[in-house]
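In case you want the letters, here they are:
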Amino acid sequence: MTICNFLVRGLRHGQVTIPKEFRDALGVDEGDLWGMTLQEGKIEMRPATATPKVGSPWLKDLYGLYAPAREALRGRHTGEEINEWTDEAVREVRKERRERSTRAW
């Protein structure tokens, strides 16, 4: 493994440019994610990947509860209408949860 050393200047807002040789060696490009660790006065950086968040379990359960109704309405109403009604039901559940959580305080 070849070790490269570069001196880089910090830019506005703490930005630094990762030398092209480093980016090429790591196979990273503009817009890629980096993981950073500060340990014992040193910053360690490594290319990173992110997995999209799957979603809220309660929302999946709620959507599942509406699946039979969605199926029964299919053909008589547009998908857009059914989605709007489902979205409205989700908003109502979220509002009720917020109200319950604020009452608890």
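Since the structure is predicted, the reported quantities are computational estimates derived from the model, not experimental observations.

Attention now moves to the overall build of the chain. When its secondary structure is counted, the chain shows three helices and two strands. The secondary structure elements of the chain, listed N-terminal to C-terminal, are α-β-β-α-α. For the chain, whose C-alpha radius of gyration is 25 Å, the value lies well above the compact-globule estimate of 13 Å for 105 residues. By its C-alpha atoms, the chain is 65 × 45 × 25 Å across when sized along the principal axes. Burial analysis of the chain (105 residues in total) assigns 10% to the buried set. Contacts in the chain between residues at least 24 apart in sequence constitute 16% of all its contacts with a sequence separation of at least 6. Only carbon and sulfur atoms are counted for the fraction: they give 54% of the accessible area of the chain, which is about 9,800 Å². Once the 18 positive and 17 negative side-chain charges of the chain are each reduced to a mean point, those two points are 4 Å apart.

Bringing the pairing of strand S1 (residues 33-39) into the picture now. Along any regular strand the residues' side chains alternate between the sheet's two faces. Sheet analysis places S1 next to strand S2 (residues 42-48), joined by seven bridges and oriented antiparallel. By the bridge assignment, Leu38 is partnered in S2 with Ile43. Hairpin connection, S1 to S2: the antiparallel pair is bridged by two residues, and Glu40 has positive phi, about 50 degrees.

Aromatic ring pairs are described here by two measures, namely the spacing of the ring centres and the angle between the planes. Counted under the stated rule, the structure contains one aromatic pair. Taking 5.3 Å as the distance between ring centres and 80 degrees as the angle between the ring planes, the aromatic pair formed by Phe6 and Phe22 counts as edge-to-face. In this pair, Phe6 is assigned in the segment before helix H1 (20-26) and Phe22 in helix H1, connecting sequence segments 16 residues apart. In this structure Phe22 comes out as partly exposed when scored by relative accessible area, which is 28%.

Let us look at the pattern of salt bridges. Applying the stated criterion to the full structure yields four salt bridges. Put simply, Arg46 and Glu44 hold a salt bridge, and the shortest N to O gap is 3.7 Å. Using a relative accessible area of 44% as the deciding quantity, one classes Glu44 as partly exposed. Across the pair Arg91 and Glu88 runs a salt bridge whose closest N-O atoms are separated by 2.9 Å. Of the two residues, Arg91 and Glu88 are both situated in helix H3 (residues 79-103); the distance of three residues between them amounts to about one turn of the helix. Its relative accessible area of 33% is what places Glu88 among the partly exposed residues. Within this structure, Glu84, Glu88 and Arg91 form a network of salt bridges that share partners.

Basis of the calculations
- Within each chain, residues carry numbers counting from 1 in the order of the written sequence.
- The predicted nature of this model means local features are confined to residues of pLDDT at least 70 and side-chain atom pairs, given and counted, to a pLDDT of 80 or more, with totals for whole chains, interfaces and linings taken over all residues.
- Values reported for side chains reflect all heavy atoms of the structure, with hydrogen atoms and water molecules removed beforehand.
- The numbering of helices and of strands both runs from the N terminus, where a helix is a DSSP run of H or I of at least 4 residues and a strand a run of E of at least 2.
- When we talk radius of gyration, it's over C-alpha atoms, and the globule rule is simply 2.2 Å times the number of residues to the 0.38.
- Three labels apply to residues, based on accessible area from a 1.4 Å probe with only protein chains included: buried if under 20% of the type maximum, exposed if over 50%, partly exposed otherwise in between.
- We call two residues in contact whenever any of their non-hydrogen atoms come within 4.5 Å of each other.
- Per-residue and other accessible areas follow the Shrake-Rupley method at a 1.4 Å probe size, with only the shown protein chains counted as cover for residues.
- Positive charge is attributed to Lys and Arg, negative charge to Asp and Glu, and no charge count is given to His or to the chain ends.
- Charged side chains are reduced to one point each, which is NZ for Lys, CZ for Arg, CG for Asp and CD for Glu.
- For two strands to pair, DSSP has to find at least two bridges joining them.
- Side-chain rings of Phe, Tyr and Trp (the six-membered ring for Trp) are treated as a pair once their centres are within 6.5 Å; stacked means planes under 30 degrees apart, edge-to-face means over 60, and tilted covers the remaining angles.
- Salt bridges are defined as contacts in which a side-chain nitrogen from Lys or Arg sits within 4 Å of a carboxyl oxygen from Asp or Glu.

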